[in-house]
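Read off the chains here:
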Amino acid sequence: MKLLKVLAQAKYAALGVVSAAIMAAVYIYTQVLGNPHNISVWFATIPFSNLILFIVFTALFGITFSFQVYNWMQPKTCSVNQKAGAAGSSGVGTLGLFLVAQCPACASLGSLFLPLSAITFLTEFSWLLNIIGIGLLLFTINYLGGFKE
């Protein structure tokens, strides 16, 4: 697979790890609304299934980001429209996840912008929204040709 060949290169593997770590740090920071003292509470109350989905999402985010950078650096790997579409599809999944509270006791960034009924819905179906976000990242990798030989 093309994706594995790209990630075998040290600079793209490092870019994937760094971008996943930054994504995780920013996401967790926004989940506790900027109060770093509540990060331990966030980890204590997040359901295990949501934690696994979050880890998968952040790993796929890093992989997708590094693969997009690889494609942007390659001449004529894919068209400008394809590059823009892929960036949009991964961006929708990432932005959507920022509005989802991973744990029932956490007030996500969405609580600043959405009504209580929407936050309750997002919290109740956070597992489904996580899976949709993961699906969008997999779609992006496929769209960019990451699963082709």
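For clarity, every value in this text was computed on a predicted model and none was experimentally measured. (Residues numbered from 1 in each chain as written. Predicted model: local features only at pLDDT ≥ 70, side-chain atom pairs only at ≥ 80, totals over all residues. Heavy atoms only, no water.)

Visitor: Help me understand the overall build of the protein chain, please; the structure alone is not making it clear to me.
Guide: Summing up its helical and strand segments, the protein chain has seven helices and zero strands in all. Each helix (α) and strand (β) of the protein chain, taken in turn from the N terminus, gives the series α-α-α-α-α-α-α. Scored against the burial criterion, the 149 residues of the protein chain give a buried share of 39%. Restricting the contact set of the protein chain to residue pairs at least 6 apart, pairs at least 24 apart contribute 77%. (Helix = DSSP H or I, 4+ residues; strand = E, 2+ residues; numbered from the N terminus. Buried < 20%, exposed > 50% of the residue type's maximum accessible area, 1.4 Å probe, protein only. Contact = heavy atoms within 4.5 Å.)

Visitor: Whenever I open this one, the confidence of the model for the protein chain confuses me. Can you help?
Guide: A low pLDDT score tells you not to read the predicted coordinates there in detail. Mean pLDDT over the protein chain stands at 80; residues scoring 70 or higher make up 75%. Within the protein chain, the element-level pLDDT minimum falls on helix H5 (residues 80–98), averaging 57, and the maximum on helix H1 (residues 2–7), averaging 93. (pLDDT = per-residue confidence, 0-100.)

Visitor: Explain the packing of aromatic side chains to me, please; I cannot follow it from the model alone.
Guide: Aromatic rings in a pair are described by how distant their centres are and how their planes are angled relative to each other. On inspection of all chains with the given rule, the structure shows eight aromatic pairs. Ring plane angle 70 degrees and centroid distance 6.5 Å describe the contact between Tyr27 and Trp42, whose orientation is recorded as edge-to-face. Residue Tyr27 is found in helix H2 (residues 10–31), and its partner Trp42 is found in helix H3 (residues 39–45); the two are separated by 15 residues along the sequence. Tyr27 gets classed as buried once you look at its relative accessible area, which sits at 0%. Each ring, one from Trp42 and one from Phe54, has its centre 5.8 Å from the other, and the planes form 80 degrees; the classification is edge-to-face. Here the residue Trp42 occupies a position in helix H3, and Phe54 occupies one in helix H4 (residues 48–73), the gap between them amounting to 12 residues. Given the relative accessible area of 0%, Trp42 is considered buried. Using a relative accessible area of 4% as the deciding quantity, one classes Phe54 as buried. Ring pairs connect the aromatic residues Tyr27, Trp42, Phe43 and Phe54, which therefore count as one cluster. (Phe/Tyr/Trp six-rings, centres within 6.5 Å; stacked < 30°, edge-to-face > 60°.)

Visitor: I would appreciate a short explanation of a nonpolar patch on the surface in the present structure.
Guide: On the surface, a cluster of nonpolar side chains totalling about 550 Å² of accessible area is made up of Phe121, Phe125, Trp127, Leu128, Ile131 and Ile132. By residue number, the principal contributor to the nonpolar patch is helix H7 (residues 126–143), which donates four residues. If you trace the backbone, Ile131 turns up in helix H7. (Patch = residues over 30% accessible without salt bridge, like charges linked within 9 Å, V, L, I, M, F, W, Y side chains within 5 Å. Areas by Shrake-Rupley, 256 points an atom, 1.4 Å probe, with all protein chains shown as cover. Salt bridge = Lys/Arg side-chain N within 4 Å of Asp/Glu carboxyl O.)

Visitor: Help me understand the packing of H4 against H7, please; the structure alone is not making it clear to me.
Guide: In a pair of packed helices, the angle between the axes and the distance between the axes together describe the arrangement. Where H4 meets H7, the axes come as close as 9 Å, and the angle between the chain directions of the two elements is 20 degrees. The angle between H4 and H7 falls in the class roughly parallel. Our pair here, H4 against H7, has a crossing hand that is left-handed. Note on element contacts: H7 touches H4 through Ser126, Trp127, Asn130, Ile131, Gly133, Ile134, Leu137, Leu138, Thr140 and Ile141, opposite Asn50, Leu53, Val56, Phe57, Leu60, Phe61, Ile63, Thr64, Phe67 and Gln68. Split by residue class, the contact of H4 with H7 holds 13 nonpolar, seven polar and no charged. (Axes fitted to C-alpha atoms, helices over the stretch in contact; angles between N-to-C directions. Parallel < 35°, antiparallel > 145°, perpendicular 65-115°, else oblique. Left-handed = near helix turned anticlockwise from the far one by under 90°. Nonpolar A, V, L, I, M, F, W, Y, C, P; charged D, E, K, R; others polar.)

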